[in-house]
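Each chain, letter by letter, is given below.
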Amino acid sequence: MARRPGTPRLLRELNDRAALDLLVEQGPLTRAQIGEHTGLSKVTASQLLSRLEERGLVSVVGEQAGGRGPNAALYAVVPSSAYVAGLEVGPDGVTAGVADITGHIVAQVTVDPNGADDPVKTVHSAVVKACRSAKVAVSKLSAFVIGTPGVVDPRSGDVQFSFDLPAWHEGVLAALRTDLRRPVTIENDVNLAAIAERAYGAARDADDFALMWFDRGMGLSVMLGGRLHRGRWGGAGEIGYLPVPGAPLPVGAARRAAQDEGVTESTTWGIPTLAGGYGALVGADAVRALAHEHGIAEPTAVDCVRAAAADEDRGGPFLDELADRISYGVTSVNIVLDPGLMVLSGSLGRAGGWPLATRIESIVGRISPTRPAVAVTGVKGDPVLRGALHAALEQARDDVFSAAGAS
């Protein structure tokens, strides 16, 4: 790989990007403050701010009173210099958000697909609706990141397998890029939740952690050395297929079900479309059935877990058994990876809160050679959407900010 020489142009690019990142992270700053944080001289900081003002990336937003002499101008990134879109796609709808380049979410909408099975039309409709709500033209969007359940090929970026979304398959990425005429990235939804957790939640700035997603189904995302581990084929984290005591083996379950229905078992990348394994113990249906066995008869799994966590005198035995089940997966991940931190996320993980997390941490500590901290998600709002917007912002800033010093 060729190395770029330390030319004045390259140094300007690096300084401009450092200042822009600083302004995004810490808000309005004076020229002197920018110099202090970056180590730049007053003259260099002034030249830098002039360049960025000329390109419409920063502007004066106020003044800061000092001692003697005139007040110092406060500079900030211009929010409207670029926008991004993030989307969470699920079987029941698409949620789309639009954020400006500073990360402020200016609009969020949910679109019911109404039975439509065309991913391009569904996404396009959600994006247009979000942009109208934000009063931002679609042409102003610099990047799109879409979160979807299933396996995404890390080499092509295309969806290879999604049990809940059969219309999302190879070829969807190219069709979306053609339709939206902008950079589009598709990412596994649980991976995006982990990105949000590291940026805003319980794993803030953690280089190594694993996120366990408990919802209607379940999944896993692993961050090692600050990078997502996707696996050779993108299948890392499909922990619902993990063989565990008390549940049928995934392949056996798929084969028996296929035989019962008189159909041929179908697989994608070796993953059976009908599964037993860990998911059969900790998915929403199994959790609700377990709760009902313990006399907690709320209508949904989330309601059952939330009620148990709110009243441990009544719900303690149910939480104990649920924690035992969840600990199979947590222990397996911990023994193999030793991430140090396990985060519970998804609607069920959030509903269980600390009463469930502390039980899991205690069990894993007894049966594992190391004891990871088990935390509850700290991300506010929709973690998949937050992760999609964060990933899109990183892409847009690389594009918009890095181009700032090009001339």
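Attention in this report is confined to the structure presented alongside it. Quantities reported herein were computed from a predicted structural model and do not represent experimental measurements.

### Describing the overall build of the chain
- When you go through the chain residue by residue, the secondary structure sums to 13 helices and 17 strands.
- The proportion of buried residues among the 407 residues of the chain is 49%.
- Pairs at least 24 apart in sequence give 62% of the contacts found in the chain among residues at least 6 apart.
- Working note: accessible area of the chain is about 19,000 Å², and carbon and sulfur atoms make up 51% of it.

### Section: the nonpolar core
- Of all hydrophobic cores here, the largest spans 45 residues; its most connected members are Leu20, Val84, Leu192, Phe209 and Leu211.
- Breaking this core down by element, the ones donating at least two residues are helix H1 (8-26), helix H3 (42-54), strand S3 (72-77), strand S7 (141-148), helix H6 (189-200), strand S11 (209-214), strand S16 (341-345) and helix H13 (383-402).
- Per-element tally for this core: the top contributor is H13, with 10 residues.
- With near-sequence residues (within four places) excluded, Leu211 lies in contact with Val190, Ala193, Ala194, Glu197, Gly219, Leu220, Ser221, Val343 and Ser345.
- Within the second largest apolar cluster, 40 residues are counted, among which are Leu322, Ala323, Val333 and Val364.

### Quick word on the side chain of Arg359
- Mapped onto the elements of the fold, Arg359 is located in helix H12 (residues 346-367).
- A distance of 2.9 Å separates the side chain of Arg359 from the backbone oxygen of Pro355, its partner in a polar contact.
- Setting aside its immediate chain neighbours within four residues, Arg359 contacts Glu312, Gly316, Leu319, Asp320 and Ala323.

### Concerning the environment of Ala194
- Along the chain, Ala194 turns up in helix H6.
- Relative accessible area serves as the criterion here: at 0%, Ala194 is assigned to the buried category.
- For Ala194 and Ala210, which are 16 residues apart along the polypeptide, the C-alpha to C-alpha distance reads 7.8 Å.
- Excluding residues that lie within four positions of it along the chain, Ala194 makes contacts with Phe209, Leu211, Ser221, Met223 and Leu228.

Each value, and the rule that gives it
Residues numbered from 1 in each chain as written. Predicted model: local features only at pLDDT ≥ 70, side-chain atom pairs only at ≥ 80, totals over all residues. Heavy atoms only, no water. Helix = DSSP H or I, 4+ residues; strand = E, 2+ residues; numbered from the N terminus. Buried < 20%, exposed > 50% of the residue type's maximum accessible area, 1.4 Å probe, protein only. Contact = heavy atoms within 4.5 Å. Areas by Shrake-Rupley, 256 points an atom, 1.4 Å probe, with all protein chains shown as cover. Core = buried A, V, L, I, M, F, W, Y, C linked by side-chain atoms within 4.5 Å. Polar contact = N/O pair within 3.5 Å; in protein donor to acceptor, adjacent residues only side chain to side chain.

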